[in-house]
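The primary structure of each chain is shown beneath.
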Amino acid sequence: MKSIFTACFILVVQGLFAQNESDLSVKNEPWSLSNADKILKFSPLDVLSYSPNLGADLEVSMKKNYSLQGGLSYYPDFMQFMSDANSYDYMFGYRSRIEARYYRSERRAGYFAMGISFKHLFIRDEFSFGMERTQDQNGNLNYTYFQTKDMWMHRFSTFIDFKIGIQKKFRGTNVWIDLYTGISIRNNSVKTWSTMVEGGDMMREGGMWNLQDGHDMTYPTPIFGLKIGVPAFRNSN
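Because the structure is predicted, anything quoted here is derived from the model rather than measured.

Reading guide: rules and limits
Residues numbered from 1 in each chain as written. Predicted model: local features only at pLDDT ≥ 70, side-chain atom pairs only at ≥ 80, totals over all residues. Heavy atoms only, no water. Helix = DSSP H or I, 4+ residues; strand = E, 2+ residues; numbered from the N terminus. Contact = heavy atoms within 4.5 Å. Buried < 20%, exposed > 50% of the residue type's maximum accessible area, 1.4 Å probe, protein only. Core = buried A, V, L, I, M, F, W, Y, C linked by side-chain atoms within 4.5 Å. Pairing = 2+ DSSP bridges.

Now for the overall build of the chain. Per the secondary structure count, the chain includes one helix and nine strands. Residue pairs in contact within the chain that sit at least 24 positions apart in sequence constitute 69% of those at least 6 positions apart.

Pasting the structure below:
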């Protein structure tokens, strides 16, 4: 249902921009990095996401209907007030990404894209270890007592994204609107290099996140995004 809604939303926005003829034009001069159209983009939704972050992306037009986009984001500890990270002693991280785009026409409005990104979160907190494990007749585990220890956990996330989108210049301005939806194949894994409590079983902690050492999970999820851009470095439009 969410994917249907976002796809319909993009179609509506495309209609709103339909009369705009100020899209990226095709240059007759040979392509080079210095003369290629470039758009610097920011995502206002990232500040309101489950893991708020600050970042930017740069799209560089390639030959014909293609472009490449890359970006970096930083997850500062002081912004983690909307998620389970608020309960951690400390959390910060970064994310890097790159995306290849194919525009459906040389006017460069609607596009298909495939991208890959990598996120690394550093999490420090007090974790519990169950000691003197026993098992009842139903196979349930019980512990005589628990011991806690301050540890650093590393949460690694890899994303492979498939998107469709619309990119248009807002009427009467030099501001670009980039709307997209699609599906993301995500892998989350957790690793620690802190010393474990000897003889204890690490408990599953982290709220919605499983922060047990060795945790690994892959799953699909729908995506929807909005980026706002401005010409960068050199643009003929």
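Alright, that's what it looks like, and here's the rest.
Once that is clear, we can look at unusual backbone geometry. In the Ramachandran plot, Lys64 falls in the positive-phi region, its phi being about 55 degrees despite a non-glycine side chain. Phi angles above zero are rare outside glycine, and Glu132 is one such case at about 55 degrees. According to the relative accessible area criterion, Glu132 is partly exposed, its value standing at 47%.

Within the largest apolar cluster, 15 residues are counted, with the highest numbers of intra-cluster contacts made by Ile123, Phe127, Phe129, Trp209 and Leu211. The set of elements that each furnish at least two residues to this core consists of strand 5 (110–135) and strand 6 (141–169). With five residues, the single largest contributor to this core is strand 5.

For the rest of this paragraph, the subject is the environment of Ser105. Here Ser105 shows up in the loop between strand 4 (90–103) and strand 5. On the basis of relative accessibility, which here comes to 31%, the residue Ser105 falls in the partly exposed class. Spatially, the C-alpha atoms of Ser105 and Lys64 are 8.8 Å apart, while their sequence positions differ by 41 residues.

A separate point is the environment of Tyr66. Note that Tyr66 resides in strand 3 (residues 66–75). Ignoring any residue separated from it by four or fewer positions in sequence, one finds Tyr66 in contact with Ser61, Arg101, Tyr102 and Arg108.

This part takes up the pairing of strand 7 (residues 176–191). The pairing of strand 6 with strand 7 spans 16 bridges and is antiparallel. Across the sheet, the residue bridging to Gly165 is Tyr180, located in strand 7. Between strand 6 and strand 7, which pair antiparallel one after the other, the connecting turn spans six residues, and Gly172 there sits at a positive phi close to 75 degrees. One ladder, built from 14 bridges, connects strand 7 with strand 9 (residues 216–231); its direction is antiparallel. Bridge assignment links Thr181 to a residue of strand 9, and that residue is Phe224.

Keep in mind that these numbers describe shape and distance, not what the molecule does.
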